[in-house]
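# Examination of the molecular architecture
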Amino acid sequence: MMRVLLLLSMAALLSGCSAQWGWYVVNPATESGLANLKFLLSGLYYTVLLSLTAILISMVTGLLVALPGLSENRKLRAFNRLYVELVRAVPILVLILWVYYGLPQLSGLAISVFWAGVIALALSDSAFQAEIFRAGIQSINRGQYEAAHSVSLSYADTMRFVILPQAIRRILPALGNQLVYMLKMSSLVSVIGMQELTRKANELVVTEYRPLEIYTILVLEYLVLILIVSAGVRWLERKMQADERN
Amino acid sequence: MASKGAEPVIRMEGVSKFFGTFQALKDVSLDVKSGERVVVCGPSGSGKSTLIRCINRLEKHEQGAIIVDGVTLNDSRSSLNAIRAKVGMVFQQFNLFPHLTVLENLTLGPVRARNMARAQANDLAMSYLERVRIPEQAEKYPRQLSGGQQQRVAIARSLCMEPEIMLFDEPTSALDPEMINEVLEVMTELASSGMTMVCVTHEMGFARRVADTMVFMDHGELVELATPETFFSAPESQRCKEFLQKILHH
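Note that this is a predicted model, so its numbers are computed, not measured.

On to the overall build of chain B, then. A tally of helices and strands in chain B yields 9 helices and 10 strands. Compactness check: chain B gives a C-alpha radius of gyration of 18 Å against a globular reference of 18 Å for 250 residues, within 12% of the reference. Across chain B, every contact between residues at least 6 apart in sequence was considered, and the portion connecting residues at least 24 apart equals 65%. For chain B, the accessible surface area stands at approximately 10,700 Å², while carbon and sulfur atoms represent 47% of it. Treating the 27 positive side-chain charges of chain B as one cloud and the 31 negative ones as another, the clouds have centres 4 Å apart.

Next up on the list: helix α3 (residues 102–113) of chain B. Between the first and last C-alpha of α3 of chain B there are 18 Å, a value that for 12 residues agrees with the 16 Å anticipated at 1.5 Å per step. Of all 12 residues that make up α3 of chain B, 9 are buried, and the element is covered over most of its length. Considered for burial, the residues of α3 of chain B that qualify are Val102, Leu103, Asn105, Leu106, Thr107, Leu108, Gly109, Pro110 and Val111 of chain B. The elements touched by buried residues of α3 of chain B are α8 (155–185) of chain A together with α4 (118–131) and α5 (147–159) of chain B. Backbone geometry just downstream of α3 of chain B places Asn115 of chain B in the positive-phi region, at approximately 55°.

Turning our eyes to something else, we now look at the pairing of strand β7 (residues 165–169) of chain B. Residues and elements named next belong to chain B. Buried residues dominate β7, accounting for 5 of its 5 residues. Burial along β7 is two-sided: the face carrying Ile165, Leu167 and Asp169 and the face carrying Met166 and Phe168 are both buried. Summarising the sheet, strand β6 (residues 87–90) and β7 pair through 4 bridges and their orientation is parallel. By the bridge assignment for β7, Gly88 is matched with Met166. One ladder, built from 5 bridges, connects β7 with strand β8 (residues 196–200); its direction is parallel. In the sheet register, Phe168 faces β8, and the bridge partner there is Cys199. Chirality of the crossover, the property in question, places the unit of β7, helix α6 (residues 177–192) and β8 among those that are right-handed.

Here the focus is the layout of surface pockets. In this approach a probe as big as a water molecule rolls over the atoms, and the regions it shows empty are the leftover space. Roughly 1,200 Å³ of internal volume is contained in the largest pocket. Lining the largest pocket are 27 residues; nearest its centre among them are Glu72, Tyr145, His149 and Tyr155 of chain A together with Leu80 of chain B. Elements with a contribution of two residues or more to the lining of the largest pocket: α6 (113–138), α7 (142–150) and α8 of chain A together with α2 (77–86) of chain B. Counting residues per element, the lining of the largest pocket draws most heavily on α7 of chain A, which supplies 5 residues. Each residue belonging to the lining of the largest pocket can be placed in one class, and the counts come to 10 nonpolar, 7 polar and 10 charged.

A few words now on empty space enclosed by the protein. All names here are of chain A. Under the counting rule described, the total for this entry stands at 1 cavity of 30 Å³ or more. Taken as a whole, the largest cavity spans an internal volume of roughly 40 Å³. What lines the largest cavity is Ile92, Leu121, Ser124, Asp125, Tyr181, Met182 and Met185. Put simply, the parts of the chain that give the lining of the largest cavity at least two residues each are α6 and α8.

The next thing to look at is the sheet that holds strand β4 (residues 63–68) of chain B. Residues and elements named next belong to chain B. Read from one edge to the other, the open sheet built from 4 strands follows the order β2-β1-β4-β5, with strand pairing classed as antiparallel. Two strands lie at the open edges of the sheet, namely β2 (22–33) and β5 (71–72), each paired on one side alone. Two elements, strand β1 (residues 8–19) and β2, share 8 bridges in a ladder whose sense is antiparallel. Along β2, the bridge assignment pairs Phe19 with Phe22.

What follows concerns the environment of Gly176 of chain A. Residue and element names in this part refer to chain A. Within the secondary structure, Gly176 is located in helix α8. Exposure remark for Gly176: the relative accessible area of 9% places this residue in the buried category. In sequence terms Gly176 and Ala122 are 54 residues apart; their C-alpha atoms lie 15 Å from each other.

A separate point is the pattern of salt bridges. For the coordinates displayed, the defined rule picks out 25 salt bridges over all chains. Among the salt bridges present, the one from Glu131 of chain A reaches Arg81 of chain A, with a minimum N-O distance of 3.5 Å. Placement of the pair is Glu131 of chain A in helix α6 and Arg81 of chain A in helix α4 (residues 74–88), with a sequence separation of 50 residues. The salt bridge partner of Glu189 of chain B is Arg131 of chain B, with a shortest N-O separation of 3.2 Å. Here the residue Glu189 of chain B occupies a position in helix α6, and Arg131 of chain B occupies one in helix α4, the gap between them amounting to 58 residues. Accessibility expressed as a relative area gives 28% for Arg131 of chain B, which makes it partly exposed. Within the structure, one salt-bridge network assembled from shared partners comprises Arg142 and Glu146 of chain A together with Lys17, Arg53, Glu59 and Glu62 of chain B.

Residue-level pLDDT values for chain A average 91, and 91% of them are 70 or greater. At the level of individual helices and strands, chain A shows its lowest average pLDDT in helix α1 (residues 2–17) of chain A, which scores 64, and its highest in α6 of chain A, which scores 97.

The topology assignment puts Pro28 of chain A in the loop between α1 and α2 (31–41). On a C-alpha basis, the gap between Pro28 of chain A and Arg74 of chain A in space is 61 Å, while along the polypeptide they are 46 residues apart.

Across the contact, 27 residues belong to chain B and 23 residues belong to chain A. For the pair chain B and chain A, the two sides together bury roughly 2,200 Å², of which 54% comes from carbon and sulfur. For the chain B face of the interface with chain A, the top three residues by lost area are Arg84, His99 and Arg112 of chain B, together amounting to 31%. The interface formed by chain B and chain A holds 2 salt bridges in total. For the salt bridge of Arg112 of chain B with Asp157 of chain A, the shortest nitrogen-to-oxygen distance reads 3.2 Å. On the surface where chain B and chain A come into contact, there are 8 residue pairs in polar contact (both at pLDDT 80 or more). Of all the secondary structure elements, the ones that give two or more residues to the side of chain B that touches chain A are α2, β6 and α3 of chain B.

About the cut-offs
- Residues numbered from 1 in each chain as written.
- Chains lettered and ligands numbered in written order.
- Predicted model: local features only at pLDDT ≥ 70, side-chain atom pairs only at ≥ 80, totals over all residues.
- Heavy atoms only, no water.
- Helix = DSSP H or I, 4+ residues; strand = E, 2+ residues; numbered from the N terminus.
- Rg over C-alpha atoms; globule rule 2.2 N^0.38 Å.
- Contact = heavy atoms within 4.5 Å.
- Areas by Shrake-Rupley, 256 points an atom, 1.4 Å probe, with all protein chains shown as cover.
- Lys, Arg positive; Asp, Glu negative; His and termini not counted.
- Charge placed at Lys NZ, Arg CZ, Asp CG, Glu CD.
- Expected span 1.5 Å × (residues − 1).
- Buried < 20%, exposed > 50% of the residue type's maximum accessible area, 1.4 Å probe, protein only.
- Pairing = 2+ DSSP bridges.
- Right-handed = clockwise from strand over helix to strand, strands pointing away.
- 1 Å grid on protein atoms, 1.4 Å probe; cavity = no way out; pocket = protein on both sides within 12 Å on 5 of 7 lines; lining within 4 Å.
- Points joined across faces, edges and corners; volume = space filled by probe spheres on them.
- Nonpolar A, V, L, I, M, F, W, Y, C, P; charged D, E, K, R; others polar.
- Salt bridge = Lys/Arg side-chain N within 4 Å of Asp/Glu carboxyl O.
- pLDDT = per-residue confidence, 0-100.
- Buried area = accessible area lost by both parts, 1.4 Å probe.
- Polar contact = N/O pair within 3.5 Å; in protein donor to acceptor, adjacent residues only side chain to side chain.

Put into structure tokens, the structure is as follows:
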């Protein structure tokens, strides 16, 4: 929170030195400024909803792609490589455009802006999630599988009760990273008209002609959002470490 | 002993195992009768761990046959499941599940693989924790226990699956000296209950007290098989003599 205050005060200082700033546009003391602020903040709902939906889907997909990558079967491993290499090679913005404008032509189904955004973000992130899960699962000692084998656990139970709970604790920092990344990348979905934070800012700039102040507010919105998420992830890490220690 | 059946419960016939070009087991044959206690010893890298790991299919043998209680070990799922149900294993590094409490370590197998009711599994687990004399540690996590306690939990975890055969892969090698005895006591008690046991260990005092049969391995070969009396007083092979001299006179 210190960092937020610092940045705010810096902005205030800068505005003092220069006549270029016009904070009136988002001054909550005036009626229009308050309305503008509310308009900007109203994008928060879709930014969060879009990011959370996408990260949940990408984690599940990532896990499902990671497991064949750990198989002894060459074909399954090849599927994992192919998926990761292909998906990772497509820029997110390109993927968003392709899913929104291209996919409906291919499938004949109209996709809403929201779901196009979710699909594109989740797909793109899933390749990275797959690599994170693969690394986490590979880091678990062989002895854990052997012990699970010797108490007759099935593959699914071994994964669910023995391997994944330990792997997820280890990859939690990386998963936190991906969530932060997802929140930021969701701003790209503004290009297809998703009413999230960035889109709202763009729209306000067009009517108010104050890009400096409006985009500064936008930067701060993402900053605060991500600092909150980071704190949440760290809290979860501490909690899980404590669980294991007690 | 009178209680032991004539038919071997483990039969290994001409078993060979390769790791790449390295041959870990060379044409090994071994019969273990029900209730028999076999102690396997030999220098490091002699294939003794590989031998017992083949018995519960942690390693696949390439040649020969292994038959455990009438089940021939092969790639089929039914064979694998039958073997795992019959054979319990205790590891050098304990391999407890670190994120689960002692009680959860013990009940995971019975609840998930045997579909046992939670309450019944808890009772079963507590009875085995009492048998290895640490019922008061049930709610703790493995890392809060000493090495000796962890290994006793690992033994109890295996026993909860009610196996017919117990394999021990150097169960005391990772322990501090003062904790070795508490584990050996539990194993001795288990032996006196009539459990079929195959133990890889360097604890020759334990071997003398408990073993019905001593097996000496070197370079992947089963070099010597004898009763403890003969084995310790009059080993036949030169390799075995040298090995015993090294470990008994240090």
